[in-house]
Amino acid sequence: PKAHSAHYELAKIYLKEKDHSGAYRSLDNALKIAPKNTAYLKLLPKVIKTDAQITNNFTRLATLNKVPGADARTKLLLARGYVIQKKPGTAALYFAAVYNLDKKLLKGAKEPIKVLYGAKKYALSADLSDDYLKTRDSKDLEVRTIQVKSLSSTGADSRKLRRAIGELVKLDPGTKDW
């Protein structure tokens, strides 16, 4: 009966040593024995790293999300899970929630930009694309195009839109759209 607490403590030790795979294995063992333990569930977003782990723990993450005060990491993992399940509308809702709770978690990530743009959340996709292009890859044609279309759709400042269009044309001089 106490084995689950040993697995949990071991998971915390692995996590402290930045061994996420060891932490995940130990926490998974603890949750198999005590699946409704809230303390164990709250550690889950800190140890999950892969799409397979998200898929395998999606129900657990959804349960954790129902606990008052669910954090942005939990919502981010749920958003990624909905992307995996090919439910972009629901994923966009969770990405938007993450944006409102802790925008830094989305910084430099391309998938949220594409999903939010697809869901017509243009203000969010424009802001995230600005960050992405400044910090990650200023020559990403897909993100640059999303940035211009998002800015255009939000009625952004004309100077900002012209600059974005200028950068897009530099990347794709043959473009006829702009």
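In case you missed it, the structure is sitting above this.
Residues numbered from 1 in each chain as written. Predicted model: local features only at pLDDT ≥ 70, side-chain atom pairs only at ≥ 80, totals over all residues. Heavy atoms only, no water.

Asker: Give a description of the overall build of the protein that names residues and reports values.
Answerer: Helices and strands together make up the secondary structure of the protein, namely eleven helices and zero strands. In sequence order, the secondary structure elements of the protein are arranged as α-α-α-α-α-α-α-α-α-α-α. By principal-axis analysis of the C-alpha atoms, the protein measures approximately 65 × 30 × 25 Å. When the 178 residues of the protein are sorted by exposure, 41% land in the buried category. Taking the contacts inside the protein whose residues are at least 6 apart along the sequence as the reference set, 47% of them involve residues at least 24 apart. Of the roughly 10000 Å² of accessible surface on the protein, 52% is carried by carbon and sulfur atoms. Separation between the mean location of the 35 positive side-chain charges and that of the 18 negative ones in the protein comes to 5 Å. (Helix = DSSP H or I, 4+ residues; strand = E, 2+ residues; numbered from the N terminus. Buried < 20%, exposed > 50% of the residue type's maximum accessible area, 1.4 Å probe, protein only. Contact = heavy atoms within 4.5 Å. Areas by Shrake-Rupley, 256 points an atom, 1.4 Å probe, with all protein chains shown as cover. Lys, Arg positive; Asp, Glu negative; His and termini not counted. Charge placed at Lys NZ, Arg CZ, Asp CG, Glu CD.)

Asker: I'd like to hear about the layout of surface pockets, residue by residue, with values.
Answerer: One number sums up the size of the largest pocket: a volume of about 190 Å³. Where the lining of the largest pocket is concerned, the elements lending two or more residues are helix 9 (122-135), helix 10 (141-154) and helix 11 (158-171). Per element, the largest residue contribution to the lining of the largest pocket is four residues, and it comes from helix 11. Taken together, the residues of the lining of the largest pocket sort by class into three nonpolar, one polar and six charged. (1 Å grid on protein atoms, 1.4 Å probe; cavity = no way out; pocket = protein on both sides within 12 Å on 5 of 7 lines; lining within 4 Å. Points joined across faces, edges and corners; volume = space filled by probe spheres on them. Nonpolar A, V, L, I, M, F, W, Y, C, P; charged D, E, K, R; others polar.)

Asker: Help me get a handle on the packing of aromatic side chains, residues and values and all.
Answerer: Under the definition given, this model contains four aromatic pairs. Measuring from centroid to centroid gives 5.0 Å for F58 and Y82, while their planes differ by 90°, and the two rings are edge-to-face. Of this pair, F58 sits in helix 5 (residues 58-65) while Y82 sits in helix 6 (residues 72-84), and the two are 24 residues apart along the sequence. Take F58: its relative accessible area is 13%, and that puts it in the buried class. Every member of this aromatic cluster is reached through a ring pair, and the members are F58, Y82 and Y94. (Phe/Tyr/Trp six-rings, centres within 6.5 Å; stacked < 30°, edge-to-face > 60°.)

Asker: Tell me about the packing of helix 2 (residues 20-33) against helix 3 (residues 38-47), and name the residues and values.
Answerer: Angle between the axes and distance between the axes: these two values describe a pair of packed helices. At a minimum axis separation of 10 Å, helix 2 and helix 3 run at an interaxial angle of 155°. As the angle between them shows, helix 2 and helix 3 are arranged roughly antiparallel. Classified by chirality, the crossing of helix 3 by helix 2 is left-handed. Residues H20, A23, Y24, L27, A30 and L31 of helix 2 touch helix 3, and the partners they reach there are Y40, L41, L43, L44, K46 and V47. (Axes fitted to C-alpha atoms, helices over the stretch in contact; angles between N-to-C directions. Parallel < 35°, antiparallel > 145°, perpendicular 65-115°, else oblique. Left-handed = near helix turned anticlockwise from the far one by under 90°.)

Asker: Break down a positive patch on the surface for me, citing the residues and quoting the values.
Answerer: Together, K107, K134, R162 and R163 give the surface a local cluster of positive charge. Tracing the sequence through the fold places R162 in helix 11. Overall, R162 belongs to the exposed group, its relative accessible area being 53%. (Patch = residues over 30% accessible without salt bridge, like charges linked within 9 Å, V, L, I, M, F, W, Y side chains within 5 Å. Salt bridge = Lys/Arg side-chain N within 4 Å of Asp/Glu carboxyl O.)

Asker: Give a description of the environment of A34 that names residues and reports values.
Answerer: Here A34 lies in the loop between helix 2 and helix 3. For A34, a relative accessible area of 15% puts it in the buried group. Note: C-alpha distance between A34 and D102 (68 residues apart in sequence) is 30 Å. Not counting residues up to four positions away in its chain, the partners in contact with A34 are H4 and Y40.

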